[in-house]
Amino acid sequence: RGANHILADASHTLHVGLLAPMEVRVQTLIDRERFEPEEAEIHVEELERAREDFIRKFWKAHPNEAGDYHIMLNMGKMSLKTAAEVIVHAAGDLTS
């Protein structure tokens with residue numbers, strides 16, 4: 001958490017934000033971790049609250065602020081493979 005803030009001035013560092021709608025995040029926990037739906041939703045909400053609190057406490061920012069990243073990807077709209085390809089391409093552009 002907060003790597004984009006810690007490394008804000010580091011050259012050759014690509015800051016990527018990954019977002020997903022609640023239902024995608026819940027389904028991911030159900031599929032990967034075998035959570036029950038209600039348990040998964042509670043867990044996602046708690047993680048999001050903790051992430052927001054941490055970033056707000058140390059950097060007075062919101063973790064989904066687009067201006068704090070080079071790119072933000074909505075994982076509810078693309079596959080992991082596509083996201084990886086986008087990130088690799090963006091990283092190549094950053095260093096060239």
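Residues numbered from 1 in each chain as written. Predicted model: local features only at pLDDT ≥ 70, side-chain atom pairs only at ≥ 80, totals over all residues. Heavy atoms only, no water.

1. Overview of the environment of Glu33
Link 1 in the chain: Following the sequence through the fold, Glu33 ends up in helix H2 (residues 22-33).
Link 2 in the chain: For Glu33, a relative accessible area of 49% translates into the label partly exposed.
Link 3 in the chain: As for Glu33 and Val86, which are separated by 53 residues in sequence, their C-alpha atoms are 27 Å apart. (Helix = DSSP H or I, 4+ residues; strand = E, 2+ residues; numbered from the N terminus. Buried < 20%, exposed > 50% of the residue type's maximum accessible area, 1.4 Å probe, protein only.)

2. A look at a negative patch on the surface
Link 1 in the chain: Residues Glu38, Glu41, Glu45 and Glu46 make up a contiguous surface patch of negative charge.
Link 2 in the chain: Relative to the assigned elements, Glu38 resides in helix H3 (residues 37-59). (Patch = residues over 30% accessible without salt bridge, like charges linked within 9 Å, V, L, I, M, F, W, Y side chains within 5 Å. Areas by Shrake-Rupley, 256 points an atom, 1.4 Å probe, with all protein chains shown as cover. Salt bridge = Lys/Arg side-chain N within 4 Å of Asp/Glu carboxyl O. Lys, Arg positive; Asp, Glu negative; His and termini not counted. Charge placed at Lys NZ, Arg CZ, Asp CG, Glu CD.)

3. A closer look at the side chain of His15
Link 1 in the chain: Positionally, His15 belongs in the loop between helix H1 (3-6) and strand E1 (16-19).
Link 2 in the chain: The exposure class assigned to His15 is buried, which follows from its relative accessible area of 8%.
Link 3 in the chain: A distance of 3.3 Å separates a polar side-chain atom of His15 from the backbone oxygen of Leu7.
Link 4 in the chain: With near-sequence residues (within four places) excluded, His15 lies in contact with Ala3, Asn4, Leu7, Ala8, Asp68, Tyr69, His70 and Ile71. (Polar contact = N/O pair within 3.5 Å; in protein donor to acceptor, adjacent residues only side chain to side chain. Contact = heavy atoms within 4.5 Å.)

4. Re the packing of aromatic side chains
Link 1 in the chain: The full count for this structure, using the stated rule, is three aromatic pairs.
Link 2 in the chain: A ring pair is formed by Phe54 and Phe58, whose centres lie 4.9 Å apart and whose planes are at 55 degrees; its orientation type is tilted. With a gap of four residues between them, Phe54 and Phe58 both fall in helix H3, about one helical turn apart.
Link 3 in the chain: You can call Phe58 partly exposed: its relative accessible area is 49%.
Link 4 in the chain: Here the aromatic cluster, defined as three or more aromatic residues joined through ring pairs, consists of Phe54, Phe58 and Trp59. (Phe/Tyr/Trp six-rings, centres within 6.5 Å; stacked < 30°, edge-to-face > 60°.)

5. A look at H2
Link 1 in the chain: Taking 1.5 Å of rise per residue, twelve residues should cover 16 Å, and H2 covers 16 Å from first to last C-alpha, within 8% of that figure.
Link 2 in the chain: For H2, the complete set of buried residues consists of Val26, Leu29 and Ile30. Taken down its axis, H2 places every buried residue within 100 degrees of arc, on the same side.
Link 3 in the chain: In this structure, the buried side of H2 is in contact with H3.
Link 4 in the chain: Immediately downstream of H2, the backbone of Arg34 shows phi near 60 degrees, a positive value. (Expected span 1.5 Å × (residues − 1). Arc of directions from axis to C-beta.)

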